[in-house]
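Next come the chains, spelled out residue by residue.
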Amino acid sequence: MNKLHKHIYGAIAVVVVFVLFSYTNKEYQADWFAFKPNADFSSYSIINMKDWLDAPAGKHGFVQIKDRDFVFEDGTKVKFWGVNICSNTPFVDREKADQFVNTLTFMGVNGVRFHKFTWEATDSINSSQPDSLKFLKMDYFQSKLKENGIYYGWSHIYGHKVKPGDSANLEAYSEIANLKYPWQHLNGSTSSLVNFAPDLQDLNIGLTVNMLNRRNPFTGLRYADDPALSFVEFQNEDDIFWSAIERALEQAPTYKAILCKQFSAWLKIKYLNDEKLKQIWRSDLPEGQSIAKENVYPTPNHQLFSSHYIKSIQENKNIPQHLLDKMQFLYEQQLQFYKRFEKAVRNTGYKGVIVSSGWQAGSGISHMYNLHTDYSVGPIDRHNYFGGGKGGHQLTTGFVNNEAMVSLPGSGLLGTGMQQVLDRPFAFSEWMSLIPNQWTAEASPLIAFYGMGLQGWDASYSFALDSPTYSPTVQSHSVYNVNSPSQMGLYPALAAMLYRNDISEGPILTERNVNLAALSEGKLGFSEFIEQGFDDKKFTGSISSKLLAAGKIPIAFTENLKETQPYTISRFEEKGIKTITSATGELFWDYNSKGYITLNTNGTKGVLGFTKGLNLELGEWTLKIKNEFAVVLLTSLDKKAGLDKTDKILITTIGRVKNTGMEYDETNTHLSKLGNAPILLEGIDFTIGAKRLQKATLKPLDHMGRTRSEEIVIDNNEINIEGATHKTMYYLLEFR
């Protein structure tokens, strides 16, 4: 038995057991039960986390950055466990806004990322003017969040759509208004081109400044003066390296000419004239392009840059100079935009956190350039998704990506941490494990254990909360569904664990050193590759992402060229056995087969993975699960006490979650029927033991965590729990 399993810890606890099966539906049909919460989030419940929130938001001053942490002005450190609320949802009526606030406080959420909400919320003539009537609804919503200790941030621009009144101030209004992207929601917007075009930047900046100068009538404060506004983001999922920019430039010749003129001027400063440029670029300078004609095209496309980066490693050759010049120019243009935007925001008096954008720029050099522009403004913020199936954003029958992240350390969502930077906070502001993947319940504990815990991430905003209640089916309007019990049903336990800081941050194992001057020469010092689908990314390289299961491996931007030391996962793996024990000793990852994780701290103990039949020891607690796949959390509901001194323990259990009538094939890689309401939960059968149980009683709770009358027998310091018999996710242990 690994020493991790022999540590002894204790306190008032939540035992969260998430169990998922690899068997076919027919074998386990009898073990499912209907999920039927009354969805009253305003009344008393054992799991209501409202009292854990530090209300009102803003009482400690603005959120700011100190080294690699978010810190309030009074010095108090903070982490955000939050959700996204998107599109028109921020403009709900007051009754619905109150319902949202009740749900968020119940679940222990202390942060909301309002996302892509200005498409239809600006003046019909001028896109930089907020619609006062719409924003009045949002004013109320934000005031109630503040009142209840929930901070809110703005990710308001996801392609700023131009309006007729903008035409007088734009170089070519019709080109922008008629732009067509592969993604319809970006049509007619400043997306991609804004990263170099000052006139388009003025629109984005103008809207943001006007929003910050708006006074909320319910708080009496300008938003720039409200410390409950935890961050302002420049733009969502956009950067100058994004390959979509070339699609836009084909349709916008005026803006393509502007970009070429900017690049030609940059080249003139570096090379002085075309003769010198041709000597260096040689045949890579296209016929007809020249500094004199001001038409040298910088080819803003991260796919091009990435392919040459990979080729240079494979063939041990230098990256062509024309590509190095183009990447450096694009980096400087984007940095200039960000600094201009930052200055305008600060001029309003806003003292909170500023985020640039949460997007990638391929692999290698372009990726690091883009990351440094984000670093130059504030925290590093990234997005990632996992799972899903044939339907993409929508749930449809067909192929299912049914892999489990627990099967490979550092894979899936956790791999996003490869973009963490040494001396900046790290935010994971969009993520979700997507249905019809059957193991979606693994996502939240994995992010909480390793991301927010071991890696010390500073903010998490799952995507997305569409309504103030549980969804009737596993999908909401799409596969991005926080409203499923497999997600928000777990949040109270995880929030308690995080707010009490149960999990120790890991040490820095090694730094991946990046020097800007070396980037301009095509030198990185280590290899790193990002494989991107649409919204999903995988990270590989010479420093293994498996190390994220052991400790921190951040990027460090250095003033001088500094060698990156090799560091292998073998230092943490047991000899001949695929296991990784974290440097803190609190986390253990076994991936010999399908994989499982254990967590063992003073305030929380947990299991996540394929643990059928294993006898697990977590300090004085023992656990044996009959189901194929399981996560078990024991976390104190006391704000200070550990597991050994509490008089109450909440046990939360959840397995696979599906719609009634939802069917997979025998391999679980093909969805044949979508099913419908109600949601069914797979019953969890497990045995839990501890010496403390001799003085305890156990009661099942209802689906909202409220007490029921019956008791479950405790025999010889051991409890056998049959989930389908009690038809619930939650149980309460009380000690005499």
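Okay, so let's go over this structure. The structure presented is a predicted model; accordingly, all values stated were derived computationally and were not measured.

Rules used in this analysis
- Residues numbered from 1 in each chain as written.
- Predicted model: local features only at pLDDT ≥ 70, side-chain atom pairs only at ≥ 80, totals over all residues.
- Heavy atoms only, no water.
- Helix = DSSP H or I, 4+ residues; strand = E, 2+ residues; numbered from the N terminus.
- Rg over C-alpha atoms; globule rule 2.2 N^0.38 Å.
- Contact = heavy atoms within 4.5 Å.
- Lys, Arg positive; Asp, Glu negative; His and termini not counted.
- Charge placed at Lys NZ, Arg CZ, Asp CG, Glu CD.
- Core = buried A, V, L, I, M, F, W, Y, C linked by side-chain atoms within 4.5 Å.
- Buried < 20%, exposed > 50% of the residue type's maximum accessible area, 1.4 Å probe, protein only.
- Pairing = 2+ DSSP bridges.
- Salt bridge = Lys/Arg side-chain N within 4 Å of Asp/Glu carboxyl O.
- 1 Å grid on protein atoms, 1.4 Å probe; cavity = no way out; pocket = protein on both sides within 12 Å on 5 of 7 lines; lining within 4 Å.
- Points joined across faces, edges and corners; volume = space filled by probe spheres on them.
- Axes fitted to C-alpha atoms, helices over the stretch in contact; angles between N-to-C directions.
- Parallel < 35°, antiparallel > 145°, perpendicular 65-115°, else oblique.
- Left-handed = near helix turned anticlockwise from the far one by under 90°.
- Nonpolar A, V, L, I, M, F, W, Y, C, P; charged D, E, K, R; others polar.

**Re the overall build of the chain**
Here is step 1: Per the secondary structure count, the chain includes 15 helices and 36 strands.
Here is step 2: Over its C-alpha atoms the chain spans a radius of gyration of 26 Å, differing by no more than 12% from the 27 Å that the globule rule assigns to 736 residues.
Here is step 3: Taking the principal axes of its C-alpha atoms as reference, the chain extends roughly 90 × 60 × 55 Å.
Here is step 4: In the chain, the share of contacts with a sequence separation of at least 24, taken over all contacts with a separation of at least 6, comes to 77%.
Here is step 5: Mean positive and mean negative side-chain charge positions of the chain (75 and 79 charges, respectively) differ by 2 Å.

**What to know about the nonpolar core**
Here is step 1: Among the nonpolar cores identified, the biggest contains 209 residues, and Trp81, Trp154, Leu193, Tyr255, Phe449, Tyr450 and Trp589 are the most heavily contacted of them.
Here is step 2: The biggest single contributor to this core is helix α10 (residues 321-347), with 12 residues.
Here is step 3: For Phe449, the contacting residues outside a window of four places in its chain are Leu454, Met497, Ile503, Leu587, Ile597, Leu599, Gly606, Leu608 and Leu633.
Here is step 4: Residues Phe588, Ile625, Ala696 and Ile719 belong to the second largest nonpolar core, which totals 27 residues.

**Quick word on the pairing of strand β31 (residues 670-673)**
Here is step 1: Sheet analysis places strand β14 (residues 398-399) next to β31, joined by 2 bridges and oriented antiparallel. Bridged to Gly398 within β31 is Leu671.
Here is step 2: As paired strands, strand β30 (residues 663-664) and β31 are joined by 2 bridges and run antiparallel to one another. Across the sheet, the residue bridging to Glu663 is Lys673, located in β31.
Here is step 3: Two successive antiparallel strands, β30 and β31, enclose a turn made up of 5 residues, where Asn668 displays a positive phi of approximately 60 degrees.

**A closer look at the pattern of salt bridges**
Here is step 1: Under the criterion given, the structure shown has 23 salt bridges.
Here is step 2: Close ionic contact of Asp54 with Lys59 constitutes a salt bridge, the shortest N to O distance being 3.1 Å.
Here is step 3: Across the pair Glu73 and Lys351 runs a salt bridge, and its minimum N-O distance is 3.1 Å. On the criterion of sequence distance, the pair formed by Glu73 in the loop between β4 (69-72) and β5 (77-78) and Lys351 in the loop between α10 and β12 (353-355) is long-range, its members being 278 residues apart.

**Comments concerning the layout of surface pockets**
Here is step 1: Volume-wise, the second largest pocket comes out at about 470 Å³.
Here is step 2: Surrounding the second largest pocket, 21 residues form its lining, Lys77, Val78, Lys79, Asn110 and Tyr499 being those nearest its centre.
Here is step 3: Among the elements of the structure, β4, β5 and α13 (491-499) are those that each provide at least two residues to the lining of the second largest pocket.
Here is step 4: In terms of residue count, β4 provides more of the lining of the second largest pocket than any other element does, 3 residues in total.

**Some words on helix α6 (residues 244-251)**
For an α-helix, 3.6 residues make a turn, and residues three or four places apart therefore share a direction.
Here is step 1: Where α6 is concerned, the buried positions are Ala244, Ile245, Glu246, Ala248 and Leu249.
Here is step 2: Contacts from the buried residues of α6 go to α7 (253-271).

**Here's the deal with the packing of α10 against helix α11 (residues 365-377)**
Here is step 1: Orientation of α10 relative to α11, taken along the N-to-C sense of each, is 15 degrees, at an axis distance of 10 Å. As the angle between them shows, α10 and α11 are arranged roughly parallel. Seen from above, α10 lies across α11 with right-handed handedness. Along its contact with α10, which presents Met327, Gln328, Tyr331, Gln334, Leu335, Tyr338, Lys339 and Glu342, the element α11 presents Ile365, Ser366, Tyr369, Asn370, His372, Thr373, Asp374, Ser376 and Val377.
Here is step 2: When grouped by side-chain class, the residues that make up the contact of α10 with α11 number 7 nonpolar, 7 polar and 3 charged.

**Considerations on the sheet that holds strand β3 (residues 63-66)**
Here is step 1: Within the open sheet, the 3 strands sit side by side as β3-β4-β5. Their pairing is antiparallel. Two strands lie at the open edges of the sheet, namely β3 and β5, each paired on one side alone.
Here is step 2: Where β4 lies against β5, 2 bridges are found, and the strand directions are antiparallel. Note that in β5 the partner of Val71 across the bridge is Lys77.

**What to know about the pairing of strand β34 (residues 696-700)**
Here is step 1: Burial along β34 is one-sided: the face carrying Ala696, Leu698 and Pro700 is buried and the face carrying Thr697 and Lys699 is not.
Here is step 2: Where β34 meets strand β36 (residues 730-735), 5 bridges bridge the pair, whose relative direction is antiparallel. Across the sheet, Lys699 pairs through a bridge with Leu732, a residue of β36.

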